[in-house]
Amino acid sequence: MPHRIEIEYCTQCRWLLRAAWMAQELLTTFDGEVAELVLRPGTGGVFEVRADGHLVWSRSDEGRFPDIVELKQRVRDAIAPGRDLGHVDRAGPRVD
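What you are looking at is a predicted structure, and each value in this text was computed from that prediction instead of being measured. (Residues numbered from 1 in each chain as written. Predicted model: local features only at pLDDT ≥ 70, side-chain atom pairs only at ≥ 80, totals over all residues. Heavy atoms only, no water.)

Engineer: Which residues make up the nonpolar core, and what values go with them?
Structural biologist: Judged by nonpolar contacts, the single largest core of 25 residues is most densely connected at I7, L26, F47, V49, L71 and V75. Of all the secondary-structure elements, those providing two or more residues to this core are strand 1 (3-10), helix 1 (16-29), strand 2 (34-42), strand 3 (47-51), strand 4 (54-58) and helix 3 (68-79). Apart from residues no more than four positions distant in its own chain, F47 is found in contact with I7, E8, Y9, W15, R18, A19, M22, W57, S58, R59, F65 and P66. (Core = buried A, V, L, I, M, F, W, Y, C linked by side-chain atoms within 4.5 Å. Buried < 20%, exposed > 50% of the residue type's maximum accessible area, 1.4 Å probe, protein only. Helix = DSSP H or I, 4+ residues; strand = E, 2+ residues; numbered from the N terminus. Contact = heavy atoms within 4.5 Å.)

Engineer: Got a sec to walk through the packing of aromatic side chains? Specific residues and values, please.
Structural biologist: As enumerated under the stated definition, the model contains three aromatic pairs in all. Ring geometry for F47 versus F65: centroids 5.1 Å apart, planes at 75 degrees, classification edge-to-face. Of this pair, F47 sits in strand 3 while F65 sits in the loop between helix 2 (59-62) and helix 3, and the two are 18 residues apart along the sequence. Take F65: its relative accessible area is 17%, and that puts it in the buried class. In textbook terms, an aromatic cluster arises when at least three aromatic residues are bridged by ring pairs, as seen for W15, F47 and F65. Positioned above the aromatic ring of F65, the side-chain terminus of R18 is 3.6 Å from the ring centre. (Phe/Tyr/Trp six-rings, centres within 6.5 Å; stacked < 30°, edge-to-face > 60°. Lys NZ or Arg CZ within 6 Å of the ring centre and 35° of its normal.)

Engineer: Go over the packing of helix 1 against helix 3 with me, naming the residues and quoting the values.
Structural biologist: With their axes 11 Å apart at the nearest point, helix 1 and helix 3 run at an angle of 50 degrees to one another. It follows that helix 1 is oblique to helix 3 by the angle criterion. Handedness of the crossing formed by helix 1 with helix 3: right-handed. The segment helix 1 lies against helix 3, with W21, M22, E25, L26 and T29 engaging I68, L71, K72 and V75. Residues of the contact of helix 1 with helix 3, tallied by class, amount to six nonpolar, one polar and two charged. (Axes fitted to C-alpha atoms, helices over the stretch in contact; angles between N-to-C directions. Parallel < 35°, antiparallel > 145°, perpendicular 65-115°, else oblique. Left-handed = near helix turned anticlockwise from the far one by under 90°. Nonpolar A, V, L, I, M, F, W, Y, C, P; charged D, E, K, R; others polar.)

So far we have only geometry, and geometry alone does not tell us how the molecule works.
Structure, rendered in structure tokens:
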């Protein structure tokens, strides 16, 4: 089943490049599994990622932007739970 990913980003904060880069990473990783990826302009500091309508990342909830590894894993868990992400799944713990 083809999936839909949506990235809502804040235009006031100028987060389009970050959203576009993450979109590119997700489209490359989930090639053939994503039917569409939407970049949706928003305001007020929003940065949210949804997979098939389900929220997988919210900057306001998490207090930060996602690391691309975390984001790929959360999207995978939402759209293809059995899929191995290769080296992404074997990455060490995040260091802040």
